[in-house]
Amino acid sequence: MKHVVIVGGVAGGMATAARLRRLSEETNITVVERTEYISYATCGMPYYIEGKINDRSRMFVKTPEEMSKLFRVNIKTNTEAISIDRDNKKLWVRDLKLNKEYYIDYDKLVLSTGAEPYVPDIEGVDISEVYKLRNISDMDRIKSNILESKPKKAVIVGGGFIGIEMAEALRYQGLEVSLVELDKQVMTHFDREMATFIHQNLVFNGIKLFLNNSVEKFEKDNNEIKIFLKNGEVINSDIVILSLGVRPDTSLAEKSNLETGLKKAIIVNEKMLTSDPDIYAIGDAVELKDYISQNKTLMPLAGIANRQGRVVAENIAGLEKIFKKPLGTSICKVFDMTIASTGLNEKQLKKYGYDYNKVYLHPANHAGYYPDSFPMTIKLLFENKTGKILGAQIIGNDGVDKRIDTISTAIYSKLTVYDLQDIEFAYAPPYNSVKDPVNIAGNIAVNMLNNILSSINPDELDNINKENTTIINVSEKEEHANANIENSICIPLIELRDSLSQIDKNKLIITYCQMGLRGYIAYRILKENGFNVKNLVGGFKLYKAFKEMDLLDNHQLGIQNKLEEPFCSSPTKESVKMITNLELDACGLQCPGPILKLKETLGKMNNEETVKVI
């Protein structure tokens, strides 16, 4: 009888065990896990801390007892794998409760050792209120601190997935939350201009951001922790969460002389085999090649680990399965915002030398006239010559998951931006618009490739010859008065055809509006009338995001100081005598709808009345 031993549970290890048992009743399966838990919702831990998940038992997919009964798997919890005798096919383990060492014979060995949180070697990092979040025990300690010690202030160090989710969780628990990030942005797999929308949302929800900064040391001062930052600032906190990323936990593989690569991750082939033909490796501990560029990478994502476990089980069972290279499709909730990405970002495309182009758009998640219609921002990256889709990033309130999954599927199916135009989406007003945002992204990209649209990016405006350029805002005059690009003139789109004689044909014309559509229509009008014209990608909304990047680079933004007072405070009875509280529903209105409707409402109000805009 074949004996398969799996080191590590959770997503990868338990997926391997369950799939293997479904394929073979005869195989002897043993799982070695150094904690007491084998199958739990790692990604759900921040939501349990937040209180969104109230019942702790719901965090466990399968208990050891359930796994043993349902799948007839020999589970050894509180047991650490310490070495591999590859010549004799023996795994040496230590029972952590009895402190006893012994070996387990194997025919096939599967390493699902995962990754461990990076903990910096700085003073005070061992203070008891400085936590990391890797497993159920870490989760329990953080939750107990919140319930028992009632902290009022928290500092998150690191702005990746866990950092963002924990910032939200602790904010919902009523804490004042500061987030320190070494980079100039949070969520570094997004491009910087897209990350500015994440920054705005974090600040709006009460998170103080300390970007382009790092922690020098922690110091306990009575009941508080002092966090000393590189720029000289000191933050006081009651609790600290370290979220500085993870690194492959491959000490067992290294001691066993298995081949390792990027950041000491285990090298595997398409069948997930290591350099030893009887040892497989899966999950966060392995080195991968990304689907598009074929470059080596690490992708510590639960979905990938789960798929790899299934591949390994099928190979052990003799089904000859390969693991397809991953795109790294990911998604994250940031308060009421959803952020998602797939494929390569622009930073990677520049690094790898791609000839690419990009599309930005701000479509609604569904029909604008149906309630709760909200805009999303989409960035689509594609190859210039072929239209091959290289990556996408989407930020919005609703419908983001549907679109990122569609684009991910399109990349795997080797579709191009030409194909995106023709994907057939289900349509009804509560779910979509007649043209899905993915269709629109394809339309814009094809217009670029077919020279129907010539565009300019916001970061290119600083390099234009201002004397030989006219920038025209085709938004309404009220919108232009509210905010505009410096030195631009306003000719509302409805007046453009009657104003052509006022525009100098000897100059380059750049058109823009708030979101992009009216700017494109203006571009086509001017192009058809013989003007040398370009359209500003993404409209004024994207331009503002790029300007925020510039301010941050020049240390003028001071995001961390914006919340000395509430970012968006409502009038109080003491400050405003609220005779009438009007409510204006601006959801789903296309530009210039919201601002014109607000102007109309304000014109009907008395001085002491207030309006709430949704």
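Predicted, not measured: the structure shown is a model, and the values here were computed from it. (Residues numbered from 1 in each chain as written. Predicted model: local features only at pLDDT ≥ 70, side-chain atom pairs only at ≥ 80, totals over all residues. Heavy atoms only, no water.)

Engineer: Sorry, what's going on with a negative patch on the surface here?
Structural biologist: On the surface, Asp-372, Asp-398, Asp-401, Asp-405, Glu-583 and Asp-585 cluster together to form a negatively charged patch. Tracing the backbone shows Asp-401 in helix α10 (residues 400-412). (Patch = residues over 30% accessible without salt bridge, like charges linked within 9 Å, V, L, I, M, F, W, Y side chains within 5 Å. Areas by Shrake-Rupley, 256 points an atom, 1.4 Å probe, with all protein chains shown as cover. Salt bridge = Lys/Arg side-chain N within 4 Å of Asp/Glu carboxyl O. Lys, Arg positive; Asp, Glu negative; His and termini not counted. Charge placed at Lys NZ, Arg CZ, Asp CG, Glu CD. Helix = DSSP H or I, 4+ residues; strand = E, 2+ residues; numbered from the N terminus.)

Engineer: Help me out: how do you make sense of unusual backbone geometry in this one?
Structural biologist: Among all residues except glycine, the phi angle is most often negative; among peptide bonds, the trans geometry is most common. The phi dihedral of Met-187 falls on the positive side, at around 45 degrees, and the residue is not glycine. Its place among the elements puts Met-187 in the loop between β13 (176-180) and α6 (192-204). The class for Met-187 is buried, based on a relative accessible area of 1%. One non-glycine residue with positive phi stands out, namely Met-272, at about 70 degrees. Along the polypeptide, Met-272 turns up in the loop between β20 (266-267) and β21 (279-281). Given a relative accessible area of 1%, Met-272 falls into the buried group. (Buried < 20%, exposed > 50% of the residue type's maximum accessible area, 1.4 Å probe, protein only.)

Engineer: I keep staring at α6 and nothing clicks. Help me out?
Structural biologist: Residues that lie three or four places apart on an α-helix share one face, since the helix turns once every 3.6 residues. Here α6 spans 18 Å end to end across 13 residues, near enough to the 18 Å set by a 1.5 Å rise per residue. Counting buried residues along α6, 11 of its 13 residues qualify, which places the element largely inside the surrounding structure. When α6 is considered as a whole, its buried residues turn out to be Arg-192, Glu-193, Met-194, Ala-195, Thr-196, Phe-197, Ile-198, His-199, Asn-201, Leu-202 and Val-203. Gly-206 sits one or two residues past α6 and shows a positive phi near 90 degrees. (Expected span 1.5 Å × (residues − 1).)

Engineer: Is there a simple way to explain the environment of Arg-86 in this structure?
Structural biologist: Here Arg-86 shows up in the loop between β6 (79-85) and β7 (90-95). In this structure, the C-alpha to C-alpha distance between Arg-86 and Ala-426, residues 340 residues apart in sequence, is 54 Å. Setting aside anything within four residues of it in sequence, one finds Arg-86 in contact with Tyr-106, Ser-256, Asn-257, Leu-258, Ser-275, Asp-276 and Ile-279. Separated by 2.8 Å, the side chains of Arg-86 and Asp-276 make a polar contact. (Contact = heavy atoms within 4.5 Å. Polar contact = N/O pair within 3.5 Å; in protein donor to acceptor, adjacent residues only side chain to side chain.)

Engineer: Got a minute to help me understand the sheet that holds β20 in this structure?
Structural biologist: Strands in a sheet are paired, the pairing made by backbone hydrogen bonds, and the direction either parallel or antiparallel. Strand order in this open sheet of 3 strands is β20-β22-β23, and the pairing throughout is mixed. The open sheet has two free edges, formed respectively by β20 and β23 (296-297), since each of these has just one partner strand. Judged from the 2 bridges that link them, strand β22 (residues 286-289) and β23 form a sheet pairing that is antiparallel. When the sheet's bridge partners are listed, Leu-288 is paired in β23 with Thr-297. (Pairing = 2+ DSSP bridges.)

Engineer: Explain the side chain of Ser-488 to me, please; I cannot follow it from the model alone.
Structural biologist: Mapping Ser-488 onto the fold places it in the loop between α13 (477-482) and β31 (489-490). Every residue in contact with Ser-488, bar those within four places of it in the chain, is listed here: Ile-471, Asn-473, His-480 and Tyr-512.

Engineer: How should the confidence of the model for the protein chain be read in this particular structure?
Structural biologist: Regions with low pLDDT carry predicted coordinates that are not meant to be interpreted in detail. For the protein chain, the average pLDDT comes to 92, and 95% of its residues sit at 70 or higher. Note that residues 560-579 has pLDDT below 50 and, in this model, 24 contacts with residues that lie over four places away or in other chains. (pLDDT = per-residue confidence, 0-100.)

Engineer: Explain the sheet that holds strand β24 (residues 330-334) here, please?
Structural biologist: Strand order across the open sheet formed by 5 strands is β24-β25-β28-β27-β26, with antiparallel pairing between neighbours. One side of each edge strand has no neighbouring strand; the edge strands of this open sheet are β24 and β26 (356-361). Direction aside, the axes of adjacent strands within the sheet are offset by 10 degrees on average. In terms of strand pairing, β24 meets strand β25 (residues 337-343) through 5 bridges, oriented antiparallel. (Axes fitted to C-alpha atoms, helices over the stretch in contact; angles between N-to-C directions.)

Engineer: Help me out: how do you make sense of the environment of Met-14 in this one?
Structural biologist: Mapped onto the elements of the fold, Met-14 is located in helix α1 (residues 10-23). C-alpha separation for the pair Met-14 and Ser-112, spaced 98 residues apart in sequence, amounts to 9.2 Å. In this view, Met-14 contacts Gly-9, Val-31, Ile-38, Ser-39, Met-67 and Ile-75; residues no more than four positions away in its chain are not counted.

Engineer: Which parts of the structure should I look at to understand the packing of aromatic side chains?
Structural biologist: For any pair of aromatic rings, the description rests on two quantities: the centre-to-centre distance and the angle between the ring planes. Inspection of the entire model under this criterion finds 7 aromatic pairs. Among the aromatic residues, ring-to-ring pairing joins Tyr-37, Tyr-40 and Phe-60 into one connected group. A cation over a ring is seen here: Lys-217 above Phe-228, with NZ or CZ 4.8 Å from the ring centre. (Phe/Tyr/Trp six-rings, centres within 6.5 Å; stacked < 30°, edge-to-face > 60°. Lys NZ or Arg CZ within 6 Å of the ring centre and 35° of its normal.)

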